[in-house]
Amino acid sequence: MMETWRKKAGVAWEKAKRSPALACRKMWRVGKDDPRRAIHAVKVGLALTLVSMLYLLEPLFEGIGQNAIWAVMTVVVVLEFTAGATLCKGLNRGLGTILAGSLAFLIEFIAEATGQVGRAIFIGCAVFIIGAAATYLRFLPYVKKNYDYGVVIFLLTFNLITVSSFRVSNVMRIAHERFVTIAIGCGICLFMSLLVFPIWSGQDLHNSTVNKLQGLANSIEGNAREESDDEEKSCDEDPIYKGYKAVLDSKSTDETLALYASWEPRHSRHCRYPWQQYVKVGAALRRFSYTVVALHGCLQTEIQVN
């Protein structure tokens, strides 16, 4: 029994000793596969450092106060890998905040005309109606696709301001500070995404389509000469499998990149691609890849029809 435990402890110790080296190699491989990941990590770190100055510098902290945390939260949730994703989230967050603040102040203006009890009932009813209506809007396909994050921010901001106004007298000042800090956070995110080594969703979508075409062509070429190759390969090593698998798994990525690309401004003279046409090309490639899958399966089966 003790010998078994010693062996297990020895194996665990060997794995523990190899773990740092394995982790370093894996991190290096991730950056080597796409160096833009390292650039994005540096951009996020720099953005968080800049927005933290609202807390670290005394004059800025005195002007904004504890609401500076909203700027930090905005940078964390808005700054995405590509410029299109950042624009989509940033504009959604800004639009949701403005609409929610405006509606909350309208509700507060109407509620002030009633008594204390009537004000509480009116605010409760408004929260229920607006919350239910906004949540129902999220089920609409167009809203779900383009403005889902904005609706979530609208719900969050509306409820925070409306409910807080019942107990806090200076709710206008709190809302103004939060709006300013969110605007600062979004501004930093947009600056980092659009002006500091920008990464474009449209370019990624274009390159992805080219790679899928090349991979599918390689799969077809590999099927044509597979009969003369007797070497058996696993699915993970088979280049034919890798070629058509990348096409079959691309639907969600294509749609997401096309959506984010539609938010991006024109950044070069070649930026006139119809992004939704790329989605249609991807769908056509997936239909064709099913034929490649069937052909590959027929060539690999042990029972051949003469």
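Residues numbered from 1 in each chain as written. Predicted model: local features only at pLDDT ≥ 70, side-chain atom pairs only at ≥ 80, totals over all residues. Heavy atoms only, no water.

Approximately 290 Å³ is the volume attributed to the second largest pocket. As for the second largest pocket, its lining consists of Asp33, Asp34, Arg37, Asp204, Asn207, Ser208, Asn211, Thr253 and Leu257. Sorting the residues of the lining of the second largest pocket by element identifies α10 (201-224) and α12 (251-263) as the ones contributing at least two each. For the lining of the second largest pocket, the class distribution of residues is 1 nonpolar, 4 polar and 4 charged. (1 Å grid on protein atoms, 1.4 Å probe; cavity = no way out; pocket = protein on both sides within 12 Å on 5 of 7 lines; lining within 4 Å. Points joined across faces, edges and corners; volume = space filled by probe spheres on them. Helix = DSSP H or I, 4+ residues; strand = E, 2+ residues; numbered from the N terminus. Nonpolar A, V, L, I, M, F, W, Y, C, P; charged D, E, K, R; others polar.)

On to the packing of aromatic side chains, then. Within this structure, the stated rule accounts for 3 aromatic pairs. Summarising the aromatic geometry, the rings of Tyr147 and Trp263 are spaced 6.1 Å apart at their centres and angled 80° between planes, so their arrangement reads as edge-to-face. Of this pair, Tyr147 sits in the loop between α7 (141-146) and α8 (148-167) while Trp263 is found in helix α12, placing the two residues 116 residues apart along the sequence. The exposure class assigned to Tyr147 is partly exposed, which follows from its relative accessible area of 28%. Centre to centre, the rings of Phe154 and Phe158 are 6.0 Å apart; their planes meet at 10°, and the pair counts as stacked. Residue Phe154 and its partner Phe158 are located together in helix α8, separated by 4 residues, close to a single helical turn. The lysine or arginine in question, Lys89, covers the ring of Tyr149, its NZ or CZ lying 5.3 Å from the ring centre. (Phe/Tyr/Trp six-rings, centres within 6.5 Å; stacked < 30°, edge-to-face > 60°. Buried < 20%, exposed > 50% of the residue type's maximum accessible area, 1.4 Å probe, protein only. Lys NZ or Arg CZ within 6 Å of the ring centre and 35° of its normal.)

Under the present numbering, the feature "transmembrane region" (unreviewed entry) in UniProt falls on residues 38-56, 68-87, 94-111, 117-137, 149-167 and 179-200. As annotated, residues 117-137 has a helix share of 100% and a strand share of 0%, and its two end C-alpha atoms lie 30 Å apart. Structurally, residues 179-200 is divided into 77% helix and 0% strand, and its ends, taken at the C-alpha atoms, are 28 Å apart. (UniProt positions renumbered as here; feature names shortened; annotations may be inferred.)

Helix α6 (residues 116-137) packs onto helix α5 (residues 83-111) with a crossing angle of 150° between their chain directions and a minimal axis gap of 9 Å. Taken together, the axes of α5 and α6 are roughly antiparallel relative to one another. The crossing of α5 and α6 is right-handed. Contacts between α5 and α6 involve Leu103, Ile107, Glu108, Ile110 and Ala111 on the former and, on the latter, Arg119, Phe122, Ile123, Ala126 and Ile130. For the contact of α5 with α6, the class distribution of residues is 8 nonpolar, no polar and 2 charged. (Axes fitted to C-alpha atoms, helices over the stretch in contact; angles between N-to-C directions. Parallel < 35°, antiparallel > 145°, perpendicular 65-115°, else oblique. Left-handed = near helix turned anticlockwise from the far one by under 90°. Contact = heavy atoms within 4.5 Å.)

Attention now moves to the environment of Phe105. Within the secondary structure, Phe105 sits in helix α5. Among all residues touching Phe105, those that are not within four sequence positions of it are Met172 and Ala175.

Let us look at unusual backbone geometry. Positive phi, normally seen in glycine, also occurs at Phe197, with a value near 45°. Structurally, the position occupied by Phe197 is in the loop between α9 (171-195) and α10. Taking relative accessible area as the criterion, Phe197 reaches 59% and is therefore assigned exposed.

The next subject is the pattern of salt bridges. All told, the structure shown has 9 salt bridges when counted by the stated rule. Where Arg36 meets Asp204, a salt bridge forms, and the shortest distance between an N and an O atom there is 2.7 Å. Taken as a pair, Arg36 in helix α2 (residues 36-56) and Asp204 in helix α10 lie far apart in primary sequence, 168 residues in all. The class for Asp204 is buried, based on a relative accessible area of 14%. A salt bridge links Lys144 to Asp148, with the nearest nitrogen and oxygen atoms 3.7 Å apart. A residue is classified by how much of its surface remains accessible, and Asp148, at 18% relative accessible area, is buried. Here the residues in one salt-bridge network are Asp34, Arg36 and Asp204, joined through shared partners. (Salt bridge = Lys/Arg side-chain N within 4 Å of Asp/Glu carboxyl O.)

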